[in-house]
There are 2 protein chains.
Amino acid sequence: MATKSALVLLAEGAEEMELVISVDVLRRAGVSVTVAGLSGTDPVRCSRNVVVCPDTSLQDAVTKAPFDVIVLPGGLQGAKNLAASSEVGLLLQQQEKEGRLVAAICAAPTALQAHNVGIGKSLTSYPSFREQLQEKYTYKEDSVVVDGWYIFPSD
Amino acid sequence: MATKSALVLLAEGAEEMELVISVDVLRRAGVSVTVAGLSGTDPVRCSRNVVVCPDTSLQDAVTKAPFDVIVLPGGLQGAKNLAASSEVGLLLQQQEKEGRLVAAICAAPTALQAHNVGIGKSLTSYPSFREQLQEKYTYKEDSVVVDGWYIFPSD
């Protein structure tokens with residue numbers, strides 16, 4: 001069986017636990033993980049001031065698509081940066097089109113909403129985004145919601 | 001009340017979850033945390049290939065001692081590097097002498113043993129170090145063991 005692949009998006013202000021736990025657990029499970037810096041390969045300051053170096057830039061990473069899963073860590077500013085990136089938008093739209101997995105943690109479902117993907121799916125998020133997200137999604141209070149190709153841990 | 005301070009030691013091969021969760025949770029709790037690179041300020045490759053930038057070098061950090069707690073993340077190679085560092089030894093011996101907290105996670109109690117600190121205390125660790133550690137410590141199977149100034153989460 002070929003190794004599964006994951007792309008984890010690292011934006012300034014990402015929640016560092018949500019980033020690192022995702023990467024670590026996936027690598028322990030034998031998944032080939034690429035940590036892609038949204039703004040290149042420079043070190044990225046996360047939400048609690050832990051500074052993490054991406055493995056590569058998002059620009060380079062997308063040339064190696066597809067990935068079995070794209071993981072979006074939360075963090076308020078991190079999610080805003082993911083929402084503002086047209087490159088992330090194209091990547092997510094392509095992932096949806098191909099029926100591949102997307103995982104969006106905590107505040108990150110707001111980035112999915114910004115890029116108009118997964119519309120109508122059931123999801124959860126950090127609680128304060130409920131009102132905003134329930135306009136286009138079926139909001140649930142569960143710790144984790146899985147709907148089709150989408151995985152949403154609340155935090 | 002003055003802010004509490006924590007020094008988190010970052011060695012090549014540290015377990016990145018044990019590092020980042022410690023830093024993040026302590027910062028969320030309002031503790032002033034310094035992540036000190038054992039070998040300077042260069043980025044440090046952790047056990048599952050997440051690369052983290054220290055805030056400062058250990059050499060610079062020790063000039064700002066004392067810290068209310070010194071945290072040693074685990075990771076097999078990380079713990080070996082902590083065990084091999086005479087600078088870490090002096091720091092831990094000073095911390096013990098002053099009756100300040102030490103937290104050693106997973107494999108990190110082996111570094112305490114190497115530096116001859118906390119001898120006779122009750123502790124836990126990643127299970128495979130039981131035999132080695134019970135020579136000088138009272139080994140327990142609990143998830144977390146607290147004994148005096150020492151905190152030992154098993155992982």
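What counts, and at which threshold
- Residues numbered from 1 in each chain as written.
- Chains lettered and ligands numbered in written order.
- Predicted model: local features only at pLDDT ≥ 70, side-chain atom pairs only at ≥ 80, totals over all residues.
- Heavy atoms only, no water.
- Helix = DSSP H or I, 4+ residues; strand = E, 2+ residues; numbered from the N terminus.
- Contact = heavy atoms within 4.5 Å.
- Buried area = accessible area lost by both parts, 1.4 Å probe.
- Salt bridge = Lys/Arg side-chain N within 4 Å of Asp/Glu carboxyl O.
- UniProt positions renumbered as here; feature names shortened; annotations may be inferred.
- Least-squares fit on C-alpha atoms with pLDDT ≥ 70 in both.
- Pairing = 2+ DSSP bridges.
- Buried < 20%, exposed > 50% of the residue type's maximum accessible area, 1.4 Å probe, protein only.
- Expected span 1.5 Å × (residues − 1).
- Arc of directions from axis to C-beta.

*Asks:* Quick question: what am I supposed to make of the environment of Gly148(B) here?
*Replies:* Residues and elements named next belong to chain B. Topologically, Gly-148 is positioned in the loop between β10 (144-147) and β11 (150-153). Separated by 142 residues in the primary sequence, Gly-148 and Ala-6 have C-alpha atoms spaced 17 Å apart. Sequence-distant contacts of Gly-148, that is, excluding residues within four places in its chain, are made with Leu-101 and Lys-121.

*Asks:* What is the right way to look at the interface of chain B and chain A in this model?
*Replies:* Often the size quoted for an interface is simply the accessible area lost on bringing the parts together. The partner chain A presents 18 residues to the 18 residues of chain B that form the contact. Taking both partners together, chain B and chain A bury about 1,600 Å²; carbon and sulfur atoms supply 66% of that area. Counting across the chain B and chain A interface gives two salt bridges. Close ionic contact of Glu15(A) with Arg28(B) constitutes a salt bridge, the shortest N to O distance being 2.8 Å. Counting only elements with at least two residues in the side of chain B that touches chain A, the list comes to α1 (16-28) and β4 (51-53) of chain B.

*Asks:* I would appreciate a short explanation of the UniProt feature "domain: DJ-1/PfpI" (unreviewed entry) in chain A in the present structure.
*Replies:* Following the UniProt record, the feature "domain: DJ-1/PfpI" (unreviewed entry) maps to residues 4-148 of chain A here. Within the segment residues 4-148 of chain A, helix and strand shares are 33% and 24% respectively, and the terminal C-alpha atoms sit 18 Å apart.

*Asks:* Explain the relation of the copies chain B and chain A here, please?
*Replies:* Between the two copies of this chain, the relationship is a rotation about some axis together with a displacement along it. Relative to chain A, chain B is turned by 180° and slid 0.0 Å along the rotation axis, the superposed coordinates differing by an RMSD of 0.0 Å. Overall, the copies show the geometry of a two-fold rotation axis. Measuring from the rotation axis to each C-alpha of chain B, the shortest distance belongs to Val52(B), at 2.3 Å.

*Asks:* Explanation requested: the sheet that holds strand β11 (residues 150-153) of chain A in the structure shown.
*Replies:* Neighbouring strands of a sheet are bound in pairs by backbone hydrogen bonds; such pairs are parallel or else antiparallel. Residue and element names in this part refer to chain A. An order of β5-β2-β1-β6-β7-β11-β10 is seen for the seven strands of this open sheet, with the pairing classed as mixed. Unpaired on one side and paired on the other, β5 (56-57) and β10 (144-147) mark the two borders of the sheet. Here β10 pairs with β11 via four bridges, running antiparallel. Bridging from a neighbouring strand, Asp-147 pairs with Tyr-150 of β11.

*Asks:* Honestly, the pattern of salt bridges in this entry has me stumped. Any pointers?
*Replies:* Close approach of charged atoms allows side chains of opposite charge to pair. Residue and element names in this part refer to chain B. For the coordinates displayed, the defined rule picks out 14 salt bridges over all chains. When the shortest N-O distance is used, the salt bridge between Arg-27 and Asp-55 registers 3.0 Å. In this pair, Arg-27 sits in helix α1 while Asp-55 sits in the loop between β4 and β5 (56-57), placing the two residues 28 residues apart along the sequence. Relative accessible area serves as the criterion here: at 19%, Arg-27 is assigned to the buried category.

*Asks:* Just checking my understanding: could you explain helix α4 (residues 86-97) of chain B for this structure?
*Replies:* An α-helical turn contains 3.6 residues, so a residue and the one three or four places further along point in the same direction. Residues and elements named next belong to chain B. Relative to the 16 Å expected for 12 residues at 1.5 Å per residue, α4 spans 16 Å between its end C-alpha atoms, a close match to the ideal helical length. What α4 keeps buried is the set Val-88, Gly-89, Leu-91, Leu-92 and Gln-95. Summarising the axial view, the buried residues of α4 lie within an arc of 165°, below the 170-degree limit, and thus occupy one face. The outward face of α4, more than 90 degrees from its buried face, is lined by the exposed residues Ser-86, Leu-90 and Lys-97. Buried residues along α4 sit against β1 (5-10), α2 (58-61), β6 (69-72), α3 (76-84), β7 (101-104) and α5 (109-114). Two residues or fewer after α4 comes Gly-99, characterised by a positive phi angle close to 70°.

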